[in-house]
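Listed below, chain by chain, are the residues.
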Amino acid sequence: MDATPHLIATDIDGTLLRDDRTLSAHTAAVLTRISDRGTPVVLVTGRPIRWLKMVYDQLAEPLPAVCANGAVVYDPVNDEVLRADPLAPELLAEVARRLRAEIPGVSLAVEIVDSRQMRHETHYPLRWDADETAIRVVETPEELLSVPAVKVLARAGEQDPDRFTQLVAAALAGLAEATHSSHSGLVEISAAGVTKAAGLAWYCHRIGIDATDVLAFGDMPNDVPMLTWAGRGVAVANAHPAVLAIADEVTSANSTDGVAAYLEKVFGAD
């Protein structure tokens, strides 16, 4: 990509946000300036829809989002899901069967209703999602798998995230996608072919923008498909080695407004 990009796509956690999950006023101002000048900015995240409000509250205007690692494309202005690509109940049942057969002590949760709600097994550990109206424990394994889910979450105690993801991916080969964006052994599972790249590609096609004109930022393995698909893929300095290995360029860390610094080089600073 030599010319000015026609669309900016950025991961949220570990990339756009600082380590305390806040968005700096400087980064928010840069995103607003670029968007106001007519270049679309899209958030591309593993987060569910229900976790976007805490980001939108720090922006002048909410930005469109590709959520749940590409399974949901969301228009926040109209509170409308433009596209969802969930795992059907029969596929969920097979995912659960394979994981329980291959991974002792695996514990599962599912993102349902386009990621507005979550259901989890009793022993699944909740880390910072405490919305009692959206989060509920299931009574039976069958209930967990009874409705379509845009993402399955798998844990088995504290695990090396890379090795655990490899184990899950091998168990689900040919059936579903497995990736991770955490440091604690949480694996995120989507329908086959569903990645951040696929969700972003659908959105870009909808508004008439080619992959070659997209500038994308990320930090974790779930960002690799998007960064390799985009015309220019930029890693923050704190990125996972797998991301640094495939990035076209590296900017400074999330804690020092790396995305904003790079965008100011491309678009100029006011």
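Quick note: structure is the one above.
Residues numbered from 1 in each chain as written. Predicted model: local features only at pLDDT ≥ 70, side-chain atom pairs only at ≥ 80, totals over all residues. Heavy atoms only, no water.

Asks: How should I be thinking about the pattern of salt bridges in this particular structure?
Replies: Oppositely charged side chains can form a pair if their charged atoms are brought close together. The final tally for this structure, using the stated rule, is 13 salt bridges. One salt bridge connects Arg 83 with Asp 85, and the closest N-O pair in it is separated by 3.9 Å. Residue classification places Arg 83 among the partly exposed positions, given a relative accessible area of 33%. Put simply, Asp 11, Lys 196 and Asp 223 are held in one network by salt bridges that share partners. (Salt bridge = Lys/Arg side-chain N within 4 Å of Asp/Glu carboxyl O. Buried < 20%, exposed > 50% of the residue type's maximum accessible area, 1.4 Å probe, protein only.)

Asks: Teacher, can you tell me more about the environment of Phe 164 here?
Replies: Examined against the element boundaries, Phe 164 turns out to sit in helix α5 (residues 161–171). Sequence-wise, Phe 164 and Ala 178 are 14 residues apart; in three dimensions their C-alpha atoms are separated by 10.0 Å. Those residues in contact with Phe 164, other than ones at most four positions away along the chain, are Ile 103, Ala 154, Arg 155, Ala 156, Gln 159, Gly 185 and Val 187. (Helix = DSSP H or I, 4+ residues; strand = E, 2+ residues; numbered from the N terminus. Contact = heavy atoms within 4.5 Å.)

Asks: Quick question: what am I supposed to make of the side chain of Ser 24 here?
Replies: Tracing the backbone shows Ser 24 in the loop between β1 (7–10) and α1 (25–36). Taking relative accessible area as the criterion, Ser 24 reaches 5% and is therefore assigned buried. Only 2.9 Å separates the side chain of Ser 24 from the side chain of Asp 257, close enough to count as a polar contact. Other than its neighbours up to four places away in sequence, Ser 24 contacts Arg 18 and Asp 257. (Polar contact = N/O pair within 3.5 Å; in protein donor to acceptor, adjacent residues only side chain to side chain.)

Asks: Please clarify how the sheet that holds strand β12 (residues 214–218) should be interpreted in this entry.
Replies: Within a beta sheet, neighbouring strands are joined by backbone hydrogen bonds and run either parallel or antiparallel to one another. Spatially, the 8 strands line up as an open sheet ordered β5-β4-β3-β2-β1-β12-β13-β14, and their pairing is mixed. For this open sheet the edge positions go to β5 (80–84) and β14 (249–251), each flanked by a neighbour on one side alone. The sheet shows a mean angle of 25° between the axes of neighbouring strands, direction not considered. Relative to β5, strand β4 (residues 72–75) runs antiparallel, the two being bridged by 4 bridges. Pairing of Tyr 74 across the sheet is with Val 81, part of β5. (Pairing = 2+ DSSP bridges. Axes fitted to C-alpha atoms, helices over the stretch in contact; angles between N-to-C directions.)

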